[in-house]
Amino acid sequence: MNKYMMLMTGCTVFSAISQILLKQSANREHASAIREYLNWRVITAYLIFGSVLLINTYAYTQVELKYGSVLDTLTYVFVLVFSCTLLKEKVSKGKLIGNLLIILGVLIYTMP
């Protein structure tokens with residue numbers, strides 16, 4: 001695994017964090033409709049999304065395309081972990097099986 005693949009994996013973590021921020025914002029009551037979209041969680045989440053987009057675009061120039069798309073699927077795993085730990089959401093059997101399949105697929109596909 002080269003440093004650009006590691007960078008892409010790190011970006012999946014930040015993508016998951018931004019999705020958790022959006023979920024936290026959606027779960028809160030807001031004073032007005034405009035406050036639903038203009039609050040620190042939403043703004044931070046979209047700044048993270050934009051940064052990840054730029055970093056991933058650069059990383060894709062150094063990583064084979066087939067590996068990049070597989071690494072991006074790890075976002076689902078990180079979202080599950082963060083939603084379970086930070087948001088205290090319950091993990092269903094289907095979500096757990098699906099994420100285990102994702103991990104298995106990533107491991108099989110990225111092995112030399």
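The structure we're discussing is the one just above.
Before going further, it helps to spend a moment on the overall build of the protein chain. Of the regular secondary structure elements, the protein chain holds six helices and zero strands. Listed by position from the N terminus, the elements making up the protein chain come as α-α-α-α-α-α. Based on the C-alpha atoms only, the size of the protein chain along its principal axes is roughly 55 × 35 × 15 Å. Taken across its 112 residues, the protein chain has 29% of its residues classed as buried. Working note: accessible area of the protein chain is about 7,600 Å², and carbon and sulfur atoms make up 69% of it. Seen as two clouds, the 10 positive and the 5 negative side-chain charges of the protein chain have centres 7 Å apart.

Within the fold, Asp72 resides in helix α4 (residues 65–72). In this structure Asp72 comes out as partly exposed when scored by relative accessible area, which is 27%. Residues Asp72 and Cys11, spaced 61 residues apart in sequence, show a C-alpha to C-alpha distance of 8.4 Å.

Cut-offs and rules
- Residues numbered from 1 in each chain as written.
- Predicted model: local features only at pLDDT ≥ 70, side-chain atom pairs only at ≥ 80, totals over all residues.
- Heavy atoms only, no water.
- Helix = DSSP H or I, 4+ residues; strand = E, 2+ residues; numbered from the N terminus.
- Buried < 20%, exposed > 50% of the residue type's maximum accessible area, 1.4 Å probe, protein only.
- Areas by Shrake-Rupley, 256 points an atom, 1.4 Å probe, with all protein chains shown as cover.
- Lys, Arg positive; Asp, Glu negative; His and termini not counted.
- Charge placed at Lys NZ, Arg CZ, Asp CG, Glu CD.

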